[in-house]
Amino acid sequence: EPEVTQTPSHQVTQMGQEVILRCVPISNHLYFYWYRQILGQKVEFLVSFYNNEISEKSEIFDDQLSVERPDGSNFTLKIRSTKLEDSAMYFCASSYSYNEQFFGPGTRLTVL
Amino acid sequence: GENVEQHPSTLSVQEGDSAVIKCTYSDSASNYFPWYKQELGKRPQLIIDIRSNVGEKKDQRIAVTLNKTAKHFSLHITETQPEDSAVYFCAPLRNRDDKIIFGKGTRLHILP
């Protein structure tokens, strides 16, 4: 069964550094999402992406964050200058039109 | 969407007994009613969903019932097993590809 994959599984970075989290959505999916979950808290929506542009973003998705689909398979989330409070699990998800969202296994980001 | 509440916030059930979690929502335009399960440190996974033109759906030990007039839907788990221990989230949506707004969830403990 096809799955959403994410790399790396765990990323440790110094405050102020840039990180890129990578996702490979399911191949025929058209809608892509990033969510984050701070330890012990609920999963929060960050951004949705369709037809090579952002379709919706939350107030958490500030100008330090960006998303890109650089080729036909990858979907990335870039954090330009990490802060301590960016430490969280980041989940990528994808869906085909009007179907359920499939979540990747997540990338745990630790900012020191 | 909009106001979504789950009850209870925590539920402890003896193994083999049934568990019921209720979700109430305010958005009358909601048409898609999924339940997600998240085990500790893992991704959210869709376990069952229902569309607004159906009142009940069952998949082995799991069932969902919908009362669209009263704006609530419930997750029913029968013959509970240790692996059912997790946090469960309801996430009513207008469309399946809408962003998911997760609530605080219900933490289900299955007692031996």
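The structure this text deals with has already been given above.
How each quantity is defined
Residues numbered from 1 in each chain as written. Chains lettered and ligands numbered in written order. Predicted model: local features only at pLDDT ≥ 70, side-chain atom pairs only at ≥ 80, totals over all residues. Heavy atoms only, no water. Helix = DSSP H or I, 4+ residues; strand = E, 2+ residues; numbered from the N terminus. Polar contact = N/O pair within 3.5 Å; in protein donor to acceptor, adjacent residues only side chain to side chain. Disulfide = S-S within 2.5 Å. Buried < 20%, exposed > 50% of the residue type's maximum accessible area, 1.4 Å probe, protein only.

### Remarks on the side chain of Ser 95 of chain A
Link 1 in the chain: With respect to the helices and strands, the residue Ser 95 of chain A is situated in strand E9 (residues 88-95).
Link 2 in the chain: A distance of 3.4 Å separates a polar atom in the side chain of Ser 95 of chain A from a polar atom in the side chain of Tyr 33 of chain A.

### Observations regarding the state of the cysteines
Disulfide: a covalent bond formed between the sulfur atoms of two cysteine residues.
Link 1 in the chain: Evaluation of the coordinates by the stated rule reveals two disulfides over all chains.
Link 2 in the chain: One disulfide bridge connects Cys 23 of chain A with Cys 92 of chain A, the sulfur atoms lying 1.9 Å from each other. As the torsion about the S-S bond is roughly -60°, the Cys 23 of chain A-Cys 92 of chain A disulfide counts as left-handed. Of this pair, Cys 23 of chain A sits in strand E3 (residues 19-24) while Cys 92 of chain A sits in strand E9, and the two are 69 residues apart along the sequence.
Link 3 in the chain: Judged by its relative accessible area of 0%, Cys 92 of chain A falls in the buried class.
Link 4 in the chain: Disulfide partner of Cys 23 of chain B: Cys 90 of chain B, at an S-S distance of 2.0 Å.

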